[in-house]
Amino acid sequence: KAGVTQTPRYLIKTRGQQVTLSCSPISGHRSVSWYQQTPGQGLQFLFEYFSETQRNKGNFPGRFSGRQFSNSRSEMNVSTLELGDSALYLCASSLDIPGDSNYGYTFGSGTRLTVV
Amino acid sequence: GQQVMQIPQYQHVQEGEDFTTYCNSSTTLSNIQWYKQRPGGHPVFLIQLVKSGEVKKQKRLTFQFGEAKKNSSLHITATQTTDVGTYFCAGKVNTGNQFYFGTGTSLTVIP
């Protein structure tokens, strides 16, 4: 079956712009989480959605937002981009709430965002 | 705030040597997961540990969860070049639903 699909794979934006990233989870997966990965900070948690509800939010400014649709697809938006937002943004889906059963995340290949 | 630290940050081993990465949390964890990320790839789920003192094995990989559920380790016996990558632990705290990823250990295997 198809894995987690993230689009676009690569993106170059200028400071001040906004960007929307998309994630299609594995069919049947209801939980979607977003992570920011940078060489210096590792994997930083952004949000977790389950059945269209945001269950958890990480310590990121309000410029970072997200949502999940009824078909479990998710989007995250970053407004007023800063140079420091350059990173690999990873989406991860899980059949159930990660950790509540024996399910781990299945990660997508990520969207590499470069802010210039 | 909650932190999950891993040591070492980098490890170079000769092929055939053993390798261990350690994960330490400042608070008690409800469960811990381990992931492997190959260079240029994305993290891939390896295993989840839930019980205090739990030990699980996957071929040459041995995973342990500490008695106090604040630390965990991943041990690879007789490393192979296919083991190259960064190994992350991810812990979930009791009071929340958020997974905190460790800082990762990058393993290089020298043939």
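Because the structure is predicted, anything quoted here is derived from the model rather than measured.

Rules used throughout
- Residues numbered from 1 in each chain as written.
- Chains lettered and ligands numbered in written order.
- Predicted model: local features only at pLDDT ≥ 70, side-chain atom pairs only at ≥ 80, totals over all residues.
- Heavy atoms only, no water.
- Helix = DSSP H or I, 4+ residues; strand = E, 2+ residues; numbered from the N terminus.
- Buried < 20%, exposed > 50% of the residue type's maximum accessible area, 1.4 Å probe, protein only.
- Disulfide = S-S within 2.5 Å.

(A) Quick peek at unusual backbone geometry. Note the cis peptide between Thr7 of chain A and Pro8 of chain A, where omega equals -10 degrees. The residue Pro8 of chain A is located in the loop between strand 1 (5–7) and strand 2 (10–13) in this model. Cis rather than trans, the peptide bond between Ile7 of chain B and Pro8 of chain B has omega equal to -5 degrees. Residue placement: Pro8 of chain B occurs in the loop between strand 1 (4–7) and strand 2 (10–14). Positive phi values are uncommon outside glycine, yet Thr80 of chain A reaches one of about 45 degrees. Within the secondary structure, Thr80 of chain A is located in the loop between strand 8 (74–78) and strand 9 (87–94). Assessed through its relative accessible area of 47%, Thr80 of chain A is described here as partly exposed.

(B) Quick look at the state of the cysteines. In this structure the tally under the stated criterion is two disulfides over all chains. Paired through a disulfide, Cys23 of chain A and Cys91 of chain A show a sulfur-sulfur distance of 1.8 Å. Handedness of the Cys23 of chain A-Cys91 of chain A disulfide follows from its S-S torsion of about -60 degrees: it is left-handed. Of this pair, Cys23 of chain A sits in strand 3 (residues 19–24) while Cys91 of chain A sits in strand 9; the two residues are 68 residues apart in sequence, bridging distant segments of the chain. Cys91 of chain A matches Cys23 of chain A in its accessibility class, with the two residues each being buried. Residue Cys23 of chain B pairs covalently with Cys89 of chain B via a disulfide, S to S 2.0 Å. Between Cys23 of chain B and Cys89 of chain B the disulfide shows an S-S torsion of about 75 degrees. By sign, it is right-handed. Of this pair, Cys23 of chain B sits in strand 3 (residues 19–25) while Cys89 of chain B sits in strand 9 (residues 85–93), placing them 66 residues apart in sequence. The class for Cys89 of chain B is buried, based on a relative accessible area of 0%.

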